[in-house]
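# Architecture at a glance
Single-letter residue listing:
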Amino acid sequence: MCGIAGILNLTDAASPSRDELERMIHAVHHRGPDGYGFFSHNRVGLAHARLSIIDLAGGDQPIHNEDQTIQVVFNGEIFNYLELREELEKLGHQFYTHSDTEVIVHLYEQYGDKFVDSLNGQFAIALWDNNKQRLVIARDRAGIRPLFYTETAGRLYFASEVKSLFAHPAISKKVNLTALQEVFTFWSALPPNSLFDNIQVLPPGCMMVIEQGEIHIDRYWDWDFPNEQIDHDKSADEWAEELRSLMIDSVRLQLRSDVPVGAYLSGGLDSSVLTSLIKNYTDTPLRTFSIGFEDEEFDESSFQRDLVDYLGTHHTHVLCKRSDIGEAFPRVIRHAETAIVRTAPTPLMLLSGAVREADYKVVLTGEGADEVFGGYDIFKEAKVRRFWSHAPDSEWRPLILQRLYPYLKHSPTASGAFTQRFFQQGLEHLKKPFFAHIPRWATTQRIMQFFSEEARAAAPAVGFSNIERILPEGIEQWKPLNQDQYIEAHTLLAGYLLCSQGDRVAMANSIEGRFPFLDHRVIEFAAKLPSRYKIMGLNEKYMLKKTMKGLIPESIRSRSKQPYRAPDSQSFFKDGKPLDYVEELFSESRIKQAGYFNPKATNMLLKKCARGKALGFGDNMAFVGILSTMLVDDQFIRGNPE
Amino acid sequence: MSAEAQIRNYILENYLFTDDQSALDSGDSFLDKGILDSTGILEVIYFLEDEFSIKVEDTEMVPENLDSVNNIVAFIGRKSQ
């Protein structure tokens, strides 16, 4: 895993200097503490910060082809590089390293821009073709590795993180108020928006080609669920057998490394699947890491212990206290580079710190299984709401809602008739692809009531239908669950779980996460599964559970899903008083200076949280959303240290 | 302070985060106006049980009793009889 940065002149501007590239790449030292590499030639400059994982001695970047006319810097891993290398060598290509990076330049020589279709991996790639004077930038299919860019004063600047761009004096720093509203609706800004004005993200599965001063972006891959590809003929047993083989192969590929690989273990189904496959089907010694909480509501330690005992793994457990979250949160925002509405990335940053302390650089982790195999409560909730919408006056149909959210202390389904009214929201939007997400987005949008008049006036209001900007043609024809999966994969997964809660908090401690459930072959396989094999009745991830029968403890295979969560607003108060930095950032003067929020309303929220009266999601998301926005403003706009 | 004023102030301070009395009509539906979410109603119940020394039964957790300041005032009145 690594960090990349670069500059391309789109006009006859001054050549990128070594000093400019050094400033940019030094800002992401944490992504690659094992060394820097640079390439510059007339119009282009590339920089690389290396975390050595494959070909420790020979894998320094940039890496080039035989005649050095193609240069590449790359953040990530190409898991099928051995097979690709063999194929390319047969075609006459000569390699000078043993790294996975080198297959990229030879694939590009062989197949042009189609090279990306051959890659099984997680990556952000910048490739310079000197003969054609073109720059190709590509990002992996699911959005595991980040890539930001901006165009200003005749130059394109790009980097793994925004802080590299902000390290360049030509790039201005301002929060994009449309993107902030998107975070406060969809949990992440919608691509190509980042949280910052004029800084874009290259969306997952996209390639950007810059040639003769023109920038073209094309999507080379997407989650796709056409009805005709769903295979209704195969039996459940056949599906399970194929899935098991595929998951074994995905795990086997993702264990490729020249340094030891560990695994996160949450106590839930997904990490149990991965650890069990490692244990049963590979020679890799199993080394696992887990996080637990003092608060019983969030803690899954007993399930983690069950699995550790069952698998006999060498295990490290990290106990996370509320005060740990409050203390570490500013550093999380420094790495996440966005406002967020949950504190949940924070314990994962502490966990990646424990991995680093154990001298590990790489961990396998279970993200993506819920999106791929239908694991989220929101999918089940939508199934019930759709069932209800067939007879909106029915008294018994909505009673099934009471079977949702059994793990929540303050369950939204605890208040009977009110629950029904809440989930009744948006029943009239049954035909919209975002029908499932309306209750979540409505709750999240409550944060907007804290905006100042100035912030409201500065950008057009963001509504649910803004999501249509990123939806593919024909999605209305897909099965409802597939629509829900697509939106979840492009908002929660790509925009939050894989970045703020994934890449960023792992790379904060120079740790690479790997995601076997997001192997594109697994995603494409699951896209053909009939919906009933994803959610059978209200039994989530049915096919994945079936596939793992006999391989994981029954107590874990049959337990109800408990989503990973962490204490929110209560983490920032001690004895009813806010932590010093929280008090400072919520002060009237700082709130007014930043300008995003109404000082009086934010103060009332602070007091409510201090009294311990903020119990619901709405207040907690508002508090975390406001605090994280103020930290973004403090650290990135005003340039104060963490 | 009347029960209505107490409840109004509680809703204004804790859910609308303002002391502007014009922000809330006593007949406004909390759910229709987006003032409360479904967990918010549990907080209101805690408040009512604390402040008015009543116990809200599960069967009483219905919008007719709890979905506006007016509904709550009437509900408390009935409970106190």
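Before reading further, recall that the structure is shown in the block above.
Now for a look at the structure at hand. Residue numbers restart at each chain and count upward from 1, following the sequence in its written direction. Both sets of labels track the order of writing: A upward for chains, 1 upward for ligands. At least 70 in pLDDT is required for a residue's local features to be given in this predicted model, at least 80 for side-chain atom pairs to be given and counted, and no such filter applies to totals for whole chains, interfaces and linings, which use all residues. Excluded from the side-chain calculation are hydrogens and water; included are all heavy atoms of the structure.

A few words now on the overall build of chain B. On a plain count of helices and strands, chain B comes out with four helices and zero strands. Strands are runs of DSSP state E lasting at least two residues, helices are runs of H or I lasting at least four, and both sets are numbered from the N terminus onward. Of the regular secondary structure in chain B, the N- to C-terminal order runs α-α-α-α. For the radius of gyration, the atom set is restricted to C-alpha positions; the globular benchmark scales as 2.2 Å times the number of residues to the power 0.38. A compact globule built from 81 residues should have a C-alpha radius of gyration of about 12 Å, and chain B, at 12 Å, falls within 12% of that. When its C-alpha atoms are laid out on the principal axes, chain B stretches across 30 × 30 × 20 Å. Under the scheme applied here, a residue whose accessible area is under 20% of the maximum for its type counts as buried, over 50% as exposed, and between as partly exposed, the area being computed with a 1.4 Å probe on protein chains only. Relative to its full complement of 81 residues, chain B shows a buried share of 52%. Summarising the internal contacts of chain B: among those between residues at least 6 apart in sequence, 50% fall at separations of at least 24. Every residue pair with non-hydrogen atoms within 4.5 Å of one another is taken to be in contact.

So, on to the sheet that holds strand 6 (residues 121-129) of chain A. Residues and elements named next belong to chain A. One requirement defines pairing of two strands: DSSP has to find at least two bridges between them. Spatial strand order, 4-5-6-7-11-12: six strands in an open sheet with antiparallel pairing. Of all strands in the sheet, those bounded by a partner on one side alone are strand 4 (63-64) and strand 12 (214-219). Relative to strand 7 (residues 134-139), strand 6 runs antiparallel, the two being bridged by six bridges. From the neighbouring strand, Leu127 faces strand 7, where its bridge partner is Val136. This element, helix 3 (residues 102-111), spans strand 4, strand 5 (70-78), strand 6 and strand 7 of the sheet and lies at about 125° to strand 5. Axes here refer to lines fitted to C-alpha atoms; in helices the fit is confined to the stretch in contact. Angles between the N-to-C directions go from 0 to 180 degrees.

Cis peptide bonds are those with omega within 30 degrees of zero, and the linkage from Gln61 of chain A to Pro62 of chain A qualifies with 5°. Relative to the helices and strands, Pro62 of chain A resides in the loop between strand 3 (44-50) and strand 4. Put simply, Pro191 of chain A and Pro192 of chain A share a cis peptide bond, and its omega is 10°. Checked against the element boundaries, Pro192 of chain A lands in the loop between helix 5 (177-186) and strand 10 (200-201). With phi around 50°, Phe17 of chain B is a residue other than glycine that occupies positive phi space. With respect to the helices, strands and loops of the structure, Phe17 of chain B is situated in the loop between helix 1 (3-16) and helix 2 (40-52).

All names here are of chain A. Strands sit in the order 2-3-1-9-8-10 across an open sheet of six strands; the sheet is antiparallel. Of all strands in the sheet, those with a lone pairing partner are strand 2 (36-41) and strand 10, marking the two edges. As paired strands, strand 2 and strand 3 are joined by six bridges and run antiparallel to one another. If you follow His41 over to strand 3, its bridge partner there is Val44. The sheet contacts of helix 1 (residues 18-26) involve strand 1 (2-9), strand 2, strand 3 and strand 9 (155-159), and relative to strand 1 the element is tilted by about 145°.

Okay, the packing of aromatic side chains next. Residues and elements named next belong to chain A. The rule is short: rings of Phe, Tyr and Trp, with Trp giving its six-membered ring, pair when the centres are within 6.5 Å, and they are stacked under 30 degrees, edge-to-face over 60, tilted in between. A complete count under the given rule lists 31 aromatic pairs over all chains for this structure. Cluster of aromatic residues (ring-pair linked, three or more members): Phe329, Phe572, Phe573, Phe586 and Phe623. Put simply, a charge is over a ring when the Lys NZ or the Arg CZ is close to the ring centre, within 6 Å, and near the line of the ring normal, within 35 degrees. Over the aromatic face of Trp239 sits the side chain of Lys234, whose NZ or CZ is 4.3 Å from the ring centroid. Sitting over the face of the ring of Phe617, Arg342 holds its NZ or CZ atom 5.1 Å from the ring centroid.

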